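Read off the chains here:
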Amino acid sequence: MMLIVAFIVIALISYLLGSLNFGVILSNKIENDDVRNYGSGNAGTTNMLRNYGKKAAFFTIVGDMLKVFAAIFIALQIISYTPMLMSEIDSSPLGAINLNMFIKSFAGFFCVLGHIYPCYFKFKGGKGVATSGGMVFAIDWRIGLILVAVFILIVAVTKYVSLGSIIMALLYPVLIFVLHKSPALTIIALVFTVIVIAAHRENIKKLINHTENKIDFKSNKKDSD
């Protein structure tokens, strides 16, 4: 019973932290405006870069990554808080998998969910890439470095941030399986892939139709396309 309560609390805290969408918060602080009113209508790093510049984009991605680190840290503290809870975990199916990675993935899932559907901002947030990236680094820094390298290469060659994000999402469960050989953790990773791909469904349509916007790192002007 305590285990169920603990996971409910972790899910709630992680979702509420994830709902702190820094794209919306910073755009409001910078110009008392909402970044979702411009460009793609998305509250993520790329739209912040296009409409508010590199500095705002930098603090957006840092904030969106730090909140998942905070969610994971709190989750791990909750689980390890009492020996009774740990004994309950050992006797459950969770005892058969890497508990540390599972807790991080669980907290990360709800944090990403909060980022995409933030309760503070009418459930319209970002696409969860930076927050998912923070979770990946918390789970396995090797996978994080590989995905970042792939992302940079794809964006450098194609100038499509969305394509880099989609490829990263597709590679994540593959790398989890290759490096950890855990079907359970791979299934959890696949859930993240589905979430990120679903958040990019409009971008996928634009990529297919060759109408997707390319990134311009010199851009610092609000637009409405």
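For the structure itself, look to the data block above.
Residues numbered from 1 in each chain as written. Predicted model: local features only at pLDDT ≥ 70, side-chain atom pairs only at ≥ 80, totals over all residues. Heavy atoms only, no water.

Enquirer: How should empty space enclosed by the protein be read in this particular structure?
Expert: If you roll a probe as big as a water molecule over the atoms, it shows you where there is empty space left. Scanning the entire structure with this criterion turns up one cavity of 30 Å³ or more. Approximately 30 Å³ is the volume attributed to the largest cavity. Surrounding the largest cavity, Met 101, Ser 105, Tyr 172, Ile 176, Leu 185, Ile 188, Ala 189 and Phe 192 form its lining. Broken down by element, the lining of the largest cavity gets its largest block of residues, four residues, from helix H10 (residues 183-199). For the lining of the largest cavity, a count of residues per class yields seven nonpolar, one polar and no charged. (1 Å grid on protein atoms, 1.4 Å probe; cavity = no way out; pocket = protein on both sides within 12 Å on 5 of 7 lines; lining within 4 Å. Points joined across faces, edges and corners; volume = space filled by probe spheres on them. Helix = DSSP H or I, 4+ residues; strand = E, 2+ residues; numbered from the N terminus. Nonpolar A, V, L, I, M, F, W, Y, C, P; charged D, E, K, R; others polar.)

Enquirer: Help me out: how do you make sense of the side chain of Thr 131 in this one?
Expert: With respect to the helices and strands, Thr 131 occurs in helix H7 (residues 129-139). Engagement of the side chain of Thr 131 in a polar contact is seen with the backbone oxygen of Asp 64, the distance being 3.2 Å. Residues within four places of Thr 131 in sequence aside, it is in contact with Asp 64, Lys 67, Val 68, Cys 111, Val 112 and His 115. (Polar contact = N/O pair within 3.5 Å; in protein donor to acceptor, adjacent residues only side chain to side chain. Contact = heavy atoms within 4.5 Å.)

Enquirer: Explain the packing of aromatic side chains to me, please; I cannot follow it from the model alone.
Expert: Both the distance between ring centres and the angle between the ring planes are used here to describe each pair of aromatic rings. With the rule as written, the count across this model stands at eight aromatic pairs. When the centroid spacing of 4.8 Å and the interplanar angle of 85 degrees are considered together, the rings of Phe 7 and Phe 106 count as edge-to-face. Here the residue Phe 7 occupies a position in helix H1 (residues 2-18), and Phe 106 occupies one in helix H6 (residues 99-116), the gap between them amounting to 99 residues. Pair check on accessibility: Phe 7 and Phe 106 agree, each one buried. (Phe/Tyr/Trp six-rings, centres within 6.5 Å; stacked < 30°, edge-to-face > 60°. Buried < 20%, exposed > 50% of the residue type's maximum accessible area, 1.4 Å probe, protein only.)

Read these as spatial facts, not as claims about activity.
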